[in-house]
Amino acid sequence: MPELPEAETIARDLHPRLQEAKVTAVDVHHEDVLGRPGTGFGDALPGRVVAGVGRRGKNVVIAFQDEGRLLVNLGMTGRLVLSDAPGAADCRHVAVRLLLQDGRSLLYDDVRRFGLLELFEPEEWPARDAELGLEPLADDFTADALRDMTRRSRTPIRNFLLDQSKVAGVGNIYALEALFRAGIRPTRRANRVTRAEATSLRNGIRDVLEEAIANRGTTFSDYRDAAGERGGFEPLLQVYGREGRPCTRCGTAIKRKVLTNRSAFYCPSCQR
DNA sequence: AACGCGCCCTGTCCGC
DNA sequence: TGCGGACAGGGCGCGT
């Protein structure tokens, strides 16, 4: 499941390889990955030149020289792969292909098509950007800022962390890993997180995201980077997907509990 | 208004 | 071996 570290890895890899690239044509094989219907996606892209590739939350953002932006939410199984990368041959579910003037193409491949591609004109971007919450690696993601938000919510803290309008970029894997690091059970109501725990949680979120970026993300099943390669963080997961296996800290068997249709993994001894 | 739920989609796995 | 069903889950639309 691509979250912030996976989007960051893809953006960093694509940035030098897509700069100055000019889009000449667009092949849309599956329209259901296009958000914002009626924006003329296929007609509006040709002629644009890439200025750079960045990230907002868990979205890869391709910025064009005219300040238009293509936001790519990878959903569950989305991949952004260049046609000349070794992993391009593994893209068997290409939903959208951007053809480039230099002969390459950028493939958006997505088996389950939960992903979304949205094109924004310069004046449209600020409103979309404002819908996303704090960047967890930015300076303004402080313990106080996190606590100000958690104290106003009664939803389980795991669910709170998945809300992209609060903290942008954290998904199920890193939410659970950060909660383990902070010693907080995923089921705890957000407004029951103490001031001290909010500090631990803020630090846990930043640490796990930074460590995952350093390891090029987590491949649990489907994630691949822009070259089609797997991430390296999966062996370092402490709770996610480890039901029944011993806690790395205390040895207690990791538990799994379904919270609003999504698995939550935690150590019943370390997390209260 | 905040919150929870069902749905979208398809490859993989399990049991018979 | 083949097949049906359960399962995985990010984000969104909807109901409460």
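The residue numbers shown here count from 1 along each chain, following its written sequence. Chain letters start at A and ligand numbers start at 1, both assigned in the order the entries are written. The predicted nature of this model means local features are confined to residues of pLDDT at least 70 and side-chain atom pairs, given and counted, to a pLDDT of 80 or more, with totals for whole chains, interfaces and linings taken over all residues. Excluding hydrogens and water, the side-chain values take into account all heavy atoms of the structure.

Our next topic: the protein's contact with DNA strand B. We call a residue near a molecule or strand whenever a single non-hydrogen atom of that residue lies within 4 Å of it. Around DNA strand B sit His93, Val111, Arg112, Arg113, Phe114, Ser153, Arg154, Thr155, Pro156, Asn159, Thr260 and Asn261, and that is every residue in its neighbourhood. Counted by atom, the contact set of DNA strand B within 4 Å of the protein is 67% sugar and phosphate. Contact between DNA strand B and Thr155: a phosphate oxygen at 2.6 Å from a side-chain N or O atom of the residue. For this classification, the nonpolar set comprises Ala, Val, Leu, Ile, Met, Phe, Trp, Tyr, Cys and Pro, the charged set comprises Asp, Glu, Lys and Arg, and every other residue, Gly included, is treated as polar. Taken together, the residues that form the surface near DNA strand B break down as three nonpolar, six polar and three charged. For this analysis, a polar contact is any N or O atom pair within 3.5 Å, provided that within protein one partner can donate a hydrogen and the other can accept it, and provided that sequence-adjacent residues contribute only side-chain to side-chain pairs.

For the rest of this paragraph, the subject is the domain arrangement of chain A. In terms of domain boundaries, chain A breaks down into domain 1 (4-131) and domain 2 (143-266). An automatic or database domain assignment supplies the start and end points of every domain. Averaged C-alpha coordinates put domain 1 and domain 2 at centres separated by 27 Å. At the interface, 22 residues of domain 1 touch 21 residues of domain 2. For the pair domain 1 and domain 2, the summed buried surface comes to about 1700 Å²; carbon and sulfur atoms form 58% of the total. Considering only the side of domain 1, the residues that lose the most area to domain 2 are Pro5, Glu6 and Arg79, jointly responsible for 29% of the buried surface there. Contact definition: two residues touch when any of their heavy atoms are within 4.5 Å. Summed over both partners, buried area is the accessible surface (1.4 Å probe) that two parts give up on being assembled.

A positive phi angle, close to 55 degrees, is found at Arg113, a residue other than glycine. The way it works is that DSSP assigns letters per residue, a run of H or I at least four long becomes a helix, a run of E at least two long becomes a strand, and they are numbered from the N terminus. Of note, Arg113 is situated in the loop between β7 (105-110) and β8 (116-120). Partly exposed describes any residue whose relative accessible area lies between the buried limit of under 20% and the exposed limit of over 50%, with all areas from a 1.4 Å probe on protein chains only and scaled to the type maximum. For Arg113, a relative accessible area of 30% puts it in the partly exposed group. Phi at Asn261 is positive, roughly 65 degrees, even though this residue is not glycine. Mapped onto the fold, Asn261 is located in the loop between β9 (255-259) and β10 (262-266). The exposure class assigned to Asn261 is exposed, which follows from its relative accessible area of 73%.

Looking at chain direction, β9 and β10 are connected through five bridges and run antiparallel. Looking at β10, one finds that Arg256 is bridged to Phe265. Connecting β9 to the next strand, β10, in antiparallel fashion are two residues, including Thr260 with a positive phi near 40 degrees. For two strands to be treated as a pair, DSSP must find no fewer than two bridges joining them.

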